Amino acid sequence: SSTYASLERVNLRTGYNKEHLTNIASYQKFARVAAVIVPLFLFAGGMFYYLSPHNEMIEISVAYGEQKRLILPDSSEVWLNAGSSILYPETFAKDKRLVMLDGEAYFSVKKDTVSPFIVETSQLSVKVLGTRFNVKAYPNDEKITTTLTSGKVEVSVRSQPPHILIDTNDTNCWMAGKLVFTNASAGEIFRTLERHYNTTIDNTAIIPASKRYTVKFLKDESLNEILNILKDIIGFDYQQYEKKIVLTRQ
């Protein structure tokens, strides 16, 4: 009839023809099968997750001229200084909380008497149950230091017996933009400035490594202000280029 022919034309335009209806029925049947298969896959995937040692390592790095604050899996806080990196697991073990540090970081550790917090560096290990402390362990620096703000930590140096560190000083002033050097060589001072200001300082055979300097910059001075003070204390002139400082003799 004309009514049936009109309905067929409407169905063809909207896509509801006999073949389409058959496809829908097939899809619904497939969907019911898929609905059973998907939970099975989810169950199998979940079992694989819980039965396998799924604990990825996380590495956080900070470029020169930058600093970064992060929260560890146990809610402990870490502030990373410029040119530093830290490596830690996605989930800490039950018997210890181990992190590996390359560079400088300030730690505020959540107290846990069952699971000690351990910072491993290239030359020393710092063990703590809950405290605030700073570790400076850059690979190209002359010395590695651990200093306390509060609490007590046990420091173990390679091939030496561990000792308890209870002294405090102001080496974590870098978090507030301050730079403090105590009995430091010129090379150590310049390397710190390179990291802090993201620059390069050419100090080729100008200042003897044996000399030591104690100087504090507490007002977030610019690089030029610091260099102008240091050149009078240490004794040098310098030329400043785009990303490089070249020291010369006075």
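What you are looking at is a predicted structure, and each value in this text was computed from that prediction instead of being measured.

Trainee: So what's going on with the pairing of strand S15 (residues 237–240)? Which residues, and what values?
Mentor: When S15 meets strand S16 (residues 244–248), the two strands line up antiparallel, connected through four bridges. Residue pairing for S16: Tyr238 is matched across the bridge by Leu247.

Trainee: Pulling in residues and values, what's your account of the packing of helix H3 (residues 186–197) against helix H4 (residues 223–235)?
Mentor: Packed helices, taken two at a time, are described by their axes: the angle between them and the distance between them. For the pair H3 and H4, interaxial distance at closest approach is 12 Å and the crossing angle is 175°. In terms of their interaxial angle, H3 and H4 are classed as roughly antiparallel. Packed against H3, whose contacting residues are Ala186, Ile189, Phe190, Leu193 and Tyr197, the element H4 presents Leu223, Ile226, Leu227, Leu230 and Ile234 at the interface. Looking at side-chain class alone, the contact of H3 with H4 contains 10 nonpolar, no polar and no charged residues.

Trainee: How would you summarise the layout of surface pockets if you had to cite specific residues and measurements?
Mentor: Here the largest pocket is characterised by a volume of approximately 430 Å³. Residue lining of the largest pocket: 24 residues in total, with Lys136, Thr171, Val180, Phe181 and Glu188 positioned closest to the centre. When residues of the lining of the largest pocket are traced back to their parent elements, those giving at least two are strand S8 (132–137), strand S9 (145–150), strand S12 (179–184) and H3. The dominant element in the lining of the largest pocket, judged by the number of residues it contributes, is S12, at five residues. Grouping the amino acids of the lining of the largest pocket by side-chain chemistry returns eight nonpolar, nine polar and seven charged.

Trainee: Kindly report on the pattern of salt bridges, identifying the contributing residues and their values.
Mentor: The final tally for this structure, using the stated rule, is eight salt bridges. For the salt bridge of Lys136 with Asp141, the shortest nitrogen-to-oxygen distance reads 4.0 Å. By the burial criterion, Lys136 is buried, and Asp141 matches it. The closest approach of N and O atoms between Arg212 and Glu142, which form a salt bridge, is 3.6 Å. Taken together, the positions of Arg212 in the loop between strand S13 (200–202) and strand S14 (213–217) and Glu142 in the loop between S8 and S9 put the pair 70 residues apart, joining distant regions of the chain. For Glu142, a relative accessible area of 44% corresponds to the partly exposed category. Each of Lys136, Asp141, Glu142, Glu188, Arg191, Arg195 and Arg212 takes part in a single network of salt bridges with overlapping partners.

Trainee: Give a description of the side chain of Asp141 that names residues and reports values.
Mentor: With respect to the helices, strands and loops of the structure, Asp141 is situated in the loop between S8 and S9. A distance of 3.3 Å separates polar atoms of two side chains, one belonging to Asp141 and the other to Arg195. Those residues within four positions of Asp141 in sequence are excluded, and the remaining contacts are Lys136, Arg191 and Arg195.

Definitions and limits used
Residues numbered from 1 in each chain as written. Predicted model: local features only at pLDDT ≥ 70, side-chain atom pairs only at ≥ 80, totals over all residues. Heavy atoms only, no water. Pairing = 2+ DSSP bridges. Helix = DSSP H or I, 4+ residues; strand = E, 2+ residues; numbered from the N terminus. Axes fitted to C-alpha atoms, helices over the stretch in contact; angles between N-to-C directions. Parallel < 35°, antiparallel > 145°, perpendicular 65-115°, else oblique. Contact = heavy atoms within 4.5 Å. Nonpolar A, V, L, I, M, F, W, Y, C, P; charged D, E, K, R; others polar. 1 Å grid on protein atoms, 1.4 Å probe; cavity = no way out; pocket = protein on both sides within 12 Å on 5 of 7 lines; lining within 4 Å. Points joined across faces, edges and corners; volume = space filled by probe spheres on them. Salt bridge = Lys/Arg side-chain N within 4 Å of Asp/Glu carboxyl O. Buried < 20%, exposed > 50% of the residue type's maximum accessible area, 1.4 Å probe, protein only. Polar contact = N/O pair within 3.5 Å; in protein donor to acceptor, adjacent residues only side chain to side chain.

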